[in-house]
Number of protein chains: 2
Amino acid sequence: MEKSQMRLTYQRKIILEELKNLGNHPTVDEVYLAVKKRLPRISMSTVYRSLEVLSKNGFIKKLEPIDTQKRFDDNVGVHYHFYCLNCGKIKDAPLHESESKEIEEAIKSIEKVIEKRGYKVNGYTLEFWGKCDHCEGGESYGGEKSKK
Amino acid sequence: MEKSQMRLTYQRKIILEELKNLGNHPTVDEVYLAVKKRLPRISMSTVYRSLEVLSKNGFIKKLEPIDTQKRFDDNVGVHYHFYCLNCGKIKDAPLHESESKEIEEAIKSIEKVIEKRGYKVNGYTLEFWGKCDHCEGGESYGGEKSKK
DNA sequence: ATGTAAATGAAAACGATTATTGTTTTTGAA
DNA sequence: TTCAAAAACAATAATCGTTTTCATTTACAT
C-alpha cells in the first residue's frame, strides 16, 4: 500500500485503453492480441507485468481464481467451501444444513432475476476465504501452500 | 449420462480409499502421493484419469475453478460475474445495485455465522454460470473458448 | 481360451504464468 | 547537462499443473 512510483508509460497507457475497449473481463492473451495491433513489438511479459502493476495501483481489478488446482471431494451433498489463505486447505464452511439451504434459497431467487433478463443460469459457485479455525485459533503452523 | 462400463480396478479402489482417508478436498498431487505409498508404480496420469472417471460416475465430486485464467476488469465497483459456457465470456451478472446489495447482506450474515465458529472470513466469491443473454437469445455463435 | 474394449505407465506435449537475461528509457540529484 | 540508479522493456527459458500419446497390460463377455 505504499505511495507508488509507478510510471504510466506509453505501453501501459495503450494496455489500459485496450482493456477498456475490450470490456467484459478479457484474459491476458486477449489484451495482448489487441495491444499487439498497435504495438507490434510488445512482449507478453510486458502485458502480464503491466496488468499486474495497474491492478496493484487501483487502475483495474484483477480476477483470479482462489485456487487453480483441481481438487476432489468424497462428500457429494450440497455444501460450501472455505479456502484458508494460511494453510492452503479447503475445508467445508462450518454451516448447518438449514443455513446452507437458506443461502441457496436467496441465491435461487437471484438466479430467477438473472434469467428474467435473458440469461440461462445453470449453477453458481460460492466460496469463502480467510483463515480456518485451526489457523485462526492457535498460532500459524506454516502452511505449505499459501502463496498470496 | 450413459450406463457406464467403468471398471472399478484395483488402482481405482485404492485411489478412492485414499481420497476418503485424506479428507478435506485434496489436490491430485496429494492423492498421488498417498496412493504411491501403496502402489509405488502408479503414474500421475492414472491418478488424474481415475479421479476424473470416478467423478463422472458420481463416486466423488470434482471441484474445479470455472475458469483458470487471470482476467482483468476496468470496473472497480462491487458486482458479480457470469461465466458463459457457450462463448467463454465473463460478463457482469445483470443485477441492479440494490439486488447486489441484497445478496451481499445475506452473505455477510452468513459470514458472521462462520466467524462465530472460529474462522476469520476475509471475503467470498460468488459467480454464476450458464448461457449469457447473447448465446441464449439467438442461436449459438460458436464461442471459441467453451471447453467443458 | 480368445478377442475386444478399457485401463495402465512412461514420456512428451501443452497452455498459462513467472523468472531471468541483457538492453533501453526514464528520473532526478550533482 | 550529465550521469548514475531505478524502472521498464523484449526476448527467452523455466516452471507448474494438466492432458495427450502410445505401446503394453488387464478385465471380462463371448
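No experiment lies behind these values; they were computed from the predicted model shown.

Rules and cut-offs
Residues numbered from 1 in each chain as written. Chains lettered and ligands numbered in written order. Predicted model: local features only at pLDDT ≥ 70, side-chain atom pairs only at ≥ 80, totals over all residues. Heavy atoms only, no water. Salt bridge = Lys/Arg side-chain N within 4 Å of Asp/Glu carboxyl O. Buried < 20%, exposed > 50% of the residue type's maximum accessible area, 1.4 Å probe, protein only. Phe/Tyr/Trp six-rings, centres within 6.5 Å; stacked < 30°, edge-to-face > 60°. Helix = DSSP H or I, 4+ residues; strand = E, 2+ residues; numbered from the N terminus. Near = heavy atom within 4 Å. Nonpolar A, V, L, I, M, F, W, Y, C, P; charged D, E, K, R; others polar. Contact = heavy atoms within 4.5 Å. Buried area = accessible area lost by both parts, 1.4 Å probe. Polar contact = N/O pair within 3.5 Å; in protein donor to acceptor, adjacent residues only side chain to side chain. Least-squares fit on C-alpha atoms with pLDDT ≥ 70 in both. Core = buried A, V, L, I, M, F, W, Y, C linked by side-chain atoms within 4.5 Å. Axes fitted to C-alpha atoms, helices over the stretch in contact; angles between N-to-C directions. Left-handed = near helix turned anticlockwise from the far one by under 90°.

Caption draft 1: Highlighting the pattern of salt bridges. Tallied over the full model, the rule gives 22 salt bridges over all chains. Between Glu64 of chain A and Lys62 of chain A there is a salt bridge whose closest N-O contact spans 3.7 Å. Judged by its relative accessible area of 36%, Glu64 of chain A falls in the partly exposed class. The class for Lys62 of chain A is partly exposed, based on a relative accessible area of 26%. Connected through salt bridges with shared partners, the residues Glu52, Lys62 and Glu64 of chain A together with Lys70 of chain B form a single ionic network.

Caption draft 2: View of the packing of aromatic side chains. Summed over the entire model, instances satisfying the criterion amount to 6 aromatic pairs over all chains. Where Phe82 of chain A meets Tyr119 of chain B, the ring centres are 4.8 Å apart and the plane angle is 80°; that geometry is what we call edge-to-face. Of this pair, Phe82 of chain A sits in strand E3 (residues 81–84) while Tyr119 of chain B sits in the loop between helix H4 (97–116) and strand E5 (120–131), placing the two residues on different chains. Grouping residues by exposure puts Phe82 of chain A and Tyr119 of chain B together as buried. Each member of the aromatic cluster is reached from another via a ring pair, and the members are Tyr80 and Tyr124 of chain A together with Phe128 of chain B.

Caption draft 3: Spotlight on the protein's contact with DNA strand C. For DNA strand C, the set of nearby residues contains 19 residues, the closest of which are Tyr48 of chain A together with Thr9, Arg12, Thr46 and Lys70 of chain B. Of all DNA strand C atoms lying within 4 Å of any protein atom, the proportion belonging to sugar or phosphate reaches 73%. For the surface near DNA strand C, the secondary structure elements donating two or more residues are helix H3 (44–56) of chain A together with helix H1 (10–22) and helix H3 (44–56) of chain B. Here the surface near DNA strand C gets 4 residues from one element, more than from any other, and that element is H3 of chain B. A breakdown of the residues in the surface near DNA strand C according to their chemical character gives 3 nonpolar, 10 polar and 6 charged.

Caption draft 4: The arrangement of the interface of chain A and chain B in detail. Facing 69 residues of chain A, the contacting portion of chain B comprises 69 residues. When the two sides are added together, the surface that chain A and chain B hide from each other amounts to roughly 6,500 Å², 61% of it contributed by carbon and sulfur. It is His25, Phe72 and Tyr119 of chain A in chain A that bury the most area against chain B; as a group they hold 14% of the surface buried on that side. For the salt bridge of Glu52 of chain B with Lys70 of chain A, the shortest nitrogen-to-oxygen distance reads 3.7 Å. Taken together, the links from chain A to chain B amount to 30 residue pairs in polar contact (both at pLDDT 80 or more). The element contributing the most residues to the side of chain A that touches chain B is strand E5 (residues 120–131) of chain A, with 12 residues. Grouping the amino acids of the side of chain A that touches chain B by side-chain chemistry returns 29 nonpolar, 17 polar and 23 charged.

Caption draft 5: Molecular detail of the relation of the copies chain A and chain B. Taken as rigid bodies, chain A and chain B are interconverted by a rotation of 179° and an axial shift of 0.0 Å, the fit giving an RMSD of 0.2 Å. What the rotation and shift describe, once combined, is the action of a two-fold rotation axis. When each C-alpha of chain A is compared by its distance to the rotation axis, Leu126 of chain A comes out closest, at 2.3 Å. With an isologous cut-off of 70% or more, the 100% of interface residues of chain A that recur at the interface of chain B puts this contact in the isologous class.

Caption draft 6: Looking closely at the nonpolar core. Core analysis: the largest hydrophobic core is formed by 36 residues, its most contacted members being Ile114, Leu126 and Phe128 of chain A together with Ile114, Leu126 and Phe128 of chain B. Elements with a minimum of two residues in this core: E3, helix H4 (97–116) and E5 of chain A together with strand E3 (81–84), H4 and E5 of chain B. Discounting chain neighbours no more than four positions away, the residues touching Ile114 of chain B are Phe82, Ala93, Pro94, Leu95 and Phe128 of chain A together with Tyr119 and Val121 of chain B.

Caption draft 7: Focus on the packing of helix H2 (residues 28–38) of chain A against H3 of chain A. Residue and element names in this part refer to chain A. Packing of H2 against H3 brings their axes to within 10 Å, and their N-to-C directions diverge by 120°. Crossing angle aside, the handedness with which H2 passes H3 is right-handed. Residues Val28, Asp29, Val31 and Tyr32 of H2 pack against Met44, Val47, Tyr48 and Leu51 of H3. Of the residues that constitute the contact of H2 with H3, the class distribution is 7 nonpolar, no polar and 1 charged.

Caption draft 8: Quick look at the environment of Phe59 of chain A. Tracing the chain through its elements places Phe59 of chain A in the loop between H3 and strand E1 (61–63). Separated by 43 residues in sequence, Phe59 of chain A and Leu16 of chain A have C-alpha atoms that sit 8.4 Å apart. Those residues in contact with Phe59 of chain A, other than ones at most four positions away along the chain, are Met6, Leu16 and Leu54 of chain A together with Val76 of chain B.

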